[in-house]
Amino acid sequence: MKIKKIEPIKLRVNPFQKYLIDIERVINFKPKPEDNIFAKVNEIIDKQKNSPTFQRVYVAGVMSSDNILTMLNNIHEGIKQGGELLSLGYAPFVPHFDILFKIAGGNEVDVPIDYYYHYTLQYLKVADAVLVCKNSENSKGTINELEIAQRAGIPIFYSVKQLDNFFRGNIYV
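Predicted model only: the values in this text are computed from it and were never measured. (Residues numbered from 1 in each chain as written. Predicted model: local features only at pLDDT ≥ 70, side-chain atom pairs only at ≥ 80, totals over all residues. Heavy atoms only, no water.)

Inspection of every chain in the model, using the stated rule, returns 10 aromatic pairs. Their ring planes at 90 degrees and their centres at 6.2 Å tell us that Phe-93 and Tyr-119 sit as a pair that is edge-to-face. With Phe-93 in strand S2 (residues 91–93) and Tyr-119 in helix H5 (residues 113–124), this pair connects stretches of sequence that are 26 residues apart. Taking the relative accessible area as the measure of exposure, Phe-93 reaches 18% and is therefore buried. When the centroid spacing of 6.4 Å and the interplanar angle of 55 degrees are considered together, the rings of Phe-157 and Phe-167 count as tilted. Placement of Phe-157 in strand S4 (residues 156–157) and of Phe-167 in helix H7 (residues 160–167) is noted, with a sequence separation of 10 residues between them. Residue classification places Phe-167 among the buried residues on the basis of a relative accessible area of 19%. Put simply, the rings of Tyr-58, Phe-93, Tyr-115, Tyr-116, Tyr-119 and Tyr-123 pair up and form one aromatic cluster. (Phe/Tyr/Trp six-rings, centres within 6.5 Å; stacked < 30°, edge-to-face > 60°. Helix = DSSP H or I, 4+ residues; strand = E, 2+ residues; numbered from the N terminus. Buried < 20%, exposed > 50% of the residue type's maximum accessible area, 1.4 Å probe, protein only.)

Structure, rendered in structure tokens:
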């Protein structure tokens, strides 16, 4: 009797499922000793120590959308901007990470959307600067955040380079 070889099943995964799988991989990441993760962390810390900054930067940008892929791209953009700020030695607050409350908590986390808006504004009020993500000019939330920042005298920037030049004292902003 001949044994039939069983082929592995290829699952179709939509972009949102892939995004959730990627998040799960990050959450469950456990470095191996050979990864030398501590050297990488120390390299980042040294870079930040040599930075003249650590100013608190609020990352403002559109998140929601009727299209799930657009929403995920919006969230990606905010997190990417925050990561760039962090790598330069800033202390970014990125509201785009709020999606993790729902992903990690599932149905057990039932927080009204207004609560998210109000709690993030507490960070905006103490920020040293605001960085606005691209394509956010029509977002009601972003417009509100920018009005609050203007009233509080918090400088607003539309690129990481512009913000970095300002804080490092470069005259070309």
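With 20 residues, helix H3 (residues 68–87) extends 28 Å from end C-alpha to end C-alpha; this agrees with the ideal 28 Å at 1.5 Å per step. Of the positions making up H3, those classed as buried are Met-71, Leu-72, Asn-74, Ile-75, Glu-77, Gly-78, Gln-81, Gly-82 and Leu-85. Regarding H3, its N-cap is Asn-67, as a side-chain oxygen of that residue lies 2.7 Å from the backbone nitrogen of Leu-69 further along. (Expected span 1.5 Å × (residues − 1). Polar contact = N/O pair within 3.5 Å; in protein donor to acceptor, adjacent residues only side chain to side chain.)

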